[in-house]
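Given next are the chains, with one letter for each unit.
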Amino acid sequence: NQHQLLKGGNIILALPDNKVAIKKIMIEPKSDDFQNQVLFELEHSLLEDEKNYCFDILKNDTEEYVLGLITRRKEIEDSHTKLLGKQSNFSLDFMCQLRAIALAKGFLQFCRLNDNNLICLVDFNQQLASIAFIYQKNIVDVTYMLLNKHELNHPDQIKQLALELK
């Protein structure tokens, strides 16, 4: 039985930012074949067989570059199993999204922007902070910061974390 909120919709797994490699790839302006160019770049940056990985491309309105995303298939399968259980059918249609990208897309979808300034979004999880940069209503970069070295129950440690974020 599917939860009522999932009926008729897609399942989207939010992958932890530290499980996805991100590569900024310069593209030819107005290229019709940029997708093949980006996939070529991503596949040839790997040391292992590309069949062990999934690839995604995050386009923006700038025509200078895209963000290429590389994820091990095993990470996706493990996340799927953790969420839906071992009995679930892995061939079920679902999508994956980097946590920082999901954060930025949610912000762009549901928040009103008064200007086109640079926006930095930070979402804290137990182990890491997902960070997304938005400029002129485009996701221009994403990253993450590991939090396991910070004891966030002391004001000095919180100040140190704020300095690192800055």
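Residues numbered from 1 in each chain as written. Predicted model: local features only at pLDDT ≥ 70, side-chain atom pairs only at ≥ 80, totals over all residues. Heavy atoms only, no water.

A short note on helix α3 (residues 99-110)
- When the terminal C-alpha atoms of α3 are compared, their 16 Å separation across twelve residues agrees well with the 16 Å that a helix rising 1.5 Å per residue should span.
- Taken together, the buried positions of α3 are Arg 99, Ala 100, Ile 101, Ala 104 and Phe 107. (Helix = DSSP H or I, 4+ residues; strand = E, 2+ residues; numbered from the N terminus. Expected span 1.5 Å × (residues − 1). Buried < 20%, exposed > 50% of the residue type's maximum accessible area, 1.4 Å probe, protein only.)

Some details on the nonpolar core
- Membership of the largest hydrophobic core comes to 19 residues, with the highest contact counts inside it found for Leu 98, Ile 101, Ala 104, Leu 121, Ile 134, Ile 139 and Val 142.
- Counting residues per element, the ones that place at least two in this core are β4 (65-72), α3, β6 (119-124), β7 (128-135) and β8 (138-146).
- For this core, the element with the most residues is α3, which contributes four residues.
- Contacts of Leu 98, omitting those with residues within four sequence positions, involve Leu 15, Pro 16, Asp 17, Val 20, Ile 22, Leu 69 and Val 142.
- Counting residues in hydrophobic clusters, the runner-up holds ten residues, among them Ile 25, Val 38, Leu 46 and Ile 57. (Core = buried A, V, L, I, M, F, W, Y, C linked by side-chain atoms within 4.5 Å. Contact = heavy atoms within 4.5 Å.)

A closer look at the pairing of β4
- Judged by how many residues are buried, β4 sits mostly within the fold: seven of eight residues are covered.
- Across seven bridges, strand β2 (residues 20-26) lies against β4 in antiparallel orientation. Counted as the bridge partner of Ile 25 is Val 66 from β4.
- Pairing analysis gives six bridges linking strand β3 (residues 53-58) to β4, with the strands arranged antiparallel. Counterpart to Asp 56 in the pairing with β4 is Leu 69. (Pairing = 2+ DSSP bridges.)

Some words on the side chain of Asn 138
- Here Asn 138 lies in strand β8.
- Take Asn 138: its relative accessible area is 10%, and that puts it in the buried class.
- A polar side-chain atom of Asn 138 sits 3.2 Å from the main-chain carbonyl oxygen of Gln 136.
- Residues in contact with Asn 138, not counting those within four places in the same chain, are Asn 60, Asp 61 and Phe 133. (Polar contact = N/O pair within 3.5 Å; in protein donor to acceptor, adjacent residues only side chain to side chain.)

Focus: the sheet that holds β8
- Read across the sheet, three strands follow the order β6-β7-β8 without closing on themselves; strand pairing throughout is antiparallel. The open sheet is flanked by β6 and β8, the only strands paired with a single partner. Each neighbouring strand pair of the sheet contributes to a mean axis angle of 20°, computed without reference to strand direction.
- Where β7 lies against β8, eight bridges are found, and the strand directions are antiparallel. Note that in β8 the partner of Ala 132 across the bridge is Val 142.
- Each of β6, β7 and β8 touches α3; the most contacted strand, β7, lies at about 45° to it. (Axes fitted to C-alpha atoms, helices over the stretch in contact; angles between N-to-C directions.)

A word on unusual backbone geometry
- In this structure, Gln 136 takes a positive phi of about 50° despite not being glycine.
- In this fold, Gln 136 is placed in the loop between β7 and β8.
- One non-glycine residue with positive phi stands out, namely Lys 137, at about 65°.
- Of note, Lys 137 is situated in the loop between β7 and β8.

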